[in-house]
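# Summary of structural features
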Amino acid sequence: MMRISTSWMYQQSLSTMLNQQAELSQTQNEVSTGNAINVASDNPVGAAQIVGLNHILAENTQYTTNINSANTRLSTETSTLSSVSNLLNSVNDVALSAMNSAMSPTDLSNMATQLSQYRDQLVQLANTSDANGQALFAGTSNTTSPFVMNSSSGAVTYAGNDETSYAAVGSGLQVANGDPGSSLFMNLAAGNGSFVSSAGSANTGTLVVGANSVASTSAFQSATASGPINDTITFGANGTYAVTDAAGNPVTDSSGNPITGTYTDGGSISFDGMSITMSGTPAAGDTVNVQSDSAANTQDVFTTLNNMINALQNGGSSAQLSNTLNRQLESLNQAMSSVSTTQVAVGSRMDTLQQQQTDYSDLGLTYQSALSDVQNVDMATAISNLSLQSTALQASQQVFAKVQGTSLFNYLQG
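Throughout what follows, the structure given in this document is the object of discussion. Residue indices begin from 1 for each chain and proceed along its sequence in written order. Side-chain atom pairs in this predicted model are given and counted only at pLDDT of 80 or more, local residue features only at pLDDT of at least 70, and totals for whole chains, interfaces and linings cover all residues. Here the side-chain values reflect all heavy atoms present in the structure, with hydrogen atoms and water set aside.

On to the overall build of the protein chain. For the protein chain, the count of helices and strands is nine helices and 12 strands. Burial status follows relative accessibility: with a 1.4 Å probe on protein chains alone, a residue under 20% of its type maximum counts as buried, one over 50% as exposed, and anything between as partly exposed. The buried share of the protein chain, reckoned over its 414 residues, is 37%. A fraction of 69% describes how many contacts in the protein chain between residues 6 or more apart in sequence connect residues 24 or more apart. Reported accessibility uses the Shrake-Rupley method at a 1.4 Å probe radius. Residues are deemed covered only where the shown protein chains occlude them. Here the protein chain displays about 21,600 Å² of accessible surface, and carbon together with sulfur accounts for 50% of that area. The secondary structure listing takes helices from DSSP runs of H or I that are at least 4 residues long and strands from runs of E that are at least 2 residues long, numbered from the N terminus. By definition in these notes, contact holds between two residues if any of their heavy atoms fall within 4.5 Å.

Encoded structure:
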């Protein structure tokens, strides 16, 4: 038989009300914060999930910020490269016009002035900075002006580095957000990209070296397998010619015969897979040097413009001017190709960034929904529980009040 004391009844009632008050307080906290878990002890497993989901969302937010920054930088680069391309096209038009034999010395001087202005504009474009004041084409260098022009000679030097800057846009994924100016403007292949042929500076005839091309890739590769080509075509009387190497030895064909022949105006000379188109008449002793491209045989775009400017300012014979401008137009074409290739690469990077941005937007919604499922309270259920718990607590308090007034004396009196 169990003895029920007044103290025991008080303790039971008090314990019941304290538990109800704790539950009511928990529910009130959920309603006021909107969170089902406010401290880890509320739900240890859920709290761990919340920490993990918040970490993922924070990473996604940072990647999205990086993507936006890279997009802005690459958009600026795209605009700049478009301006550079238009400027180089204008340079090309001026150089082609200058080879018109009807141009007077004054006309050529005016063209030189125009090209000087284009060169200065090109330097400004090459020194373009992004929204944060960082140079677009300095590599990873902190310099704000990677291209420095000598005001006297017009020569331009590069003060940046050859490194490519990257932006982290995903776990293990980086996208280049800039291009070093060394590869874009400076270290450009000379000639047609495979070799360059140029008329000798001491030539006295009217020979003009025109377009050059690789007619046979296999023959050219075979000729350059042992090292870069450095040959000289020397003309004799009536257009006869012979080809010698850098040591003065005859260059031979695949059968071992010395390469010789007779050139006629408007024809071409071909050997070792190369085809060299010419016009005009060479004088006896005139030469054409042929060099394959190598690491040492490069020319920056600013030197190309300076060579054009000097040729227009110095005048000389029509053949000399045409020979100089033809070679510089080949180098200019290499610069235009470099810009075009970079434009395509930048466009590809921006496509990648756009895809990543879309992915993170979708993932953000997914993870945010998962976080809401774990962290956020069902407000309708919480408010309903709050009302029920409040009513239950009030009932317990009323019952306790009546029990508190009950005693053996009250029973005997009754």
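Take the sheet that holds strand β6 (residues 208–214) next. Sheet strands pair via backbone hydrogen bonds, and the direction of the pair is either parallel or antiparallel. By this definition, two strands are paired if DSSP reports at least two bridges between them. The strand order β6-β11-β10 describes an open sheet built from three strands, whose pairing is antiparallel. The open sheet terminates on both sides in strands that have one partner only, identified here as β6 and β10 (268–271). Strand-to-strand twist across the sheet, computed as the mean angle between neighbouring axes with direction ignored, equals 20 degrees. Alignment of β10 against strand β11 (residues 274–279), held across four bridges, turns out to be antiparallel. Along β11, the bridge assignment pairs Ser268 with Thr277. Here, axes are lines fitted to C-alpha atoms. For helices the fit covers the stretch in contact, and angles between N-to-C directions go from 0 to 180 degrees.

Strand order across the open sheet formed by five strands is β5-β12-β7-β8-β9, with antiparallel pairing between neighbours. Here the strands that pair on one side only, and so sit at the sheet edges, are β5 (195–199) and β9 (260–262). On average, adjacent strands in this sheet sit at an angle of 20 degrees to one another, irrespective of strand direction.

With that settled, consider the packing of aromatic side chains. Here the distance between the centres and the angle between the planes together describe a pair of aromatic rings. Planes of paired rings set the category: under 30 degrees apart is stacked, over 60 is edge-to-face and the rest tilted, where pairs are Phe, Tyr or Trp rings (Trp by its six-membered ring) whose centres lie within 6.5 Å. The final tally for this structure, using the stated rule, is eight aromatic pairs. Ring geometry for Phe147 versus Tyr158: centroids 5.1 Å apart, planes at 45 degrees, classification tilted. One end of the pair, Phe147, is in strand β1 (residues 147–149); the other, Tyr158, is in strand β2 (residues 156–158), with 11 residues separating them in the sequence. Taken as a pair, Phe147 and Tyr158 share a single burial class, namely buried. Between Phe185 and Phe302 the ring centres are 6.1 Å apart and the planes differ by 45 degrees, which places this aromatic pair in the tilted class. Residue Phe185 is located in helix α4 (residues 181–186), and its partner Phe302 is located in helix α6 (residues 301–314); the two are separated by 117 residues in the primary sequence. The pair Phe185 / Phe302 is uniform in exposure class, with both members buried. Taken together, the ring pairs connect Phe137, Phe147, Tyr158, Phe185 and Phe302 into an aromatic cluster.

Looking now at the nonpolar core. If you look at soluble globular proteins, the nonpolar side chains tend to sit buried side by side. Leu88, Phe147, Phe185, Val301, Phe302 and Leu312 are the most contacted members of the largest nonpolar core, which totals 49 residues. Taken together, the elements giving at least two residues each to this core come down to α2 (44–98), α3 (105–126), β2, β3 (166–170), α4, α6 and α7 (318–375). The leading source of residues in this core is α2, at 12 residues. Once you skip the residues sitting within four places of it in the chain, Leu88 turns out to touch Leu122, Val301, Leu332, Ala335, Met336 and Val339. Buried Ala, Val, Leu, Ile, Met, Phe, Trp, Tyr and Cys residues that are joined via side-chain atoms within 4.5 Å together make up what is termed a nonpolar core. Of all hydrophobic cores here, the second largest spans 20 residues; its members include Leu207, Ile269, Met278 and Val288.

Salt bridge criterion: a side-chain nitrogen from Lys or Arg within 4 Å of a carboxyl oxygen from Asp or Glu. Under the defined criterion, the tally for this structure stands at four salt bridges. Residues Arg73 and Asp130 are paired through a salt bridge, measuring 2.5 Å at the closest nitrogen-oxygen approach. Of this pair, Arg73 sits in helix α2 while Asp130 sits in the loop between α3 and β1; the two residues are 57 residues apart in sequence, bridging distant segments of the chain. On the basis of relative accessibility, which here comes to 8%, the residue Arg73 falls in the buried class. Between Arg327 and Glu330 there is a salt bridge, with its nearest N and O atoms 3.2 Å apart. Taken together, the positions of Arg327 and Glu330, both in helix α7 and three residues apart, correspond to about one turn of that helix. For the pair shown, Arg327 and Glu330 are each scored as buried.

If you check the backbone angles, Asn238 has positive phi at about 60 degrees while not being a glycine. Counting through the fold element by element, Asn238 comes out in the loop between β7 (230–235) and β8 (240–244). We classify Asn238 as exposed; its relative accessible area is 73%. Of note in this structure, Asp272 is not a glycine but carries a positive phi near 50 degrees. Relative to the helices and strands, Asp272 resides in the loop between β10 and β11.

Here Glu77 lies in helix α2. Buried and unpaired, Glu77 has Arg349 as its nearest opposite-charge partner, separated by 4.4 Å. Excluding residues within four positions of it along the chain, Glu77 makes contact with Leu136, Phe137, Asn177, Gly178, Asp179, Thr342, Val346 and Arg349. We treat Lys and Arg as the positive residues and Asp and Glu as the negative residues; His and chain ends play no part in the count.

Let's shift gears to the pairing of β5. Counting buried positions over the five residues of β5 gives four, a clear majority of the element. Judged from the five bridges that link them, β5 and strand β12 (residues 287–292) form a sheet pairing that is antiparallel. Among the inter-strand pairings, Ser198 is bridged to a residue of β12, identified as Asn289.

Remember that the coordinates give geometry; whether it matters functionally is a separate question.
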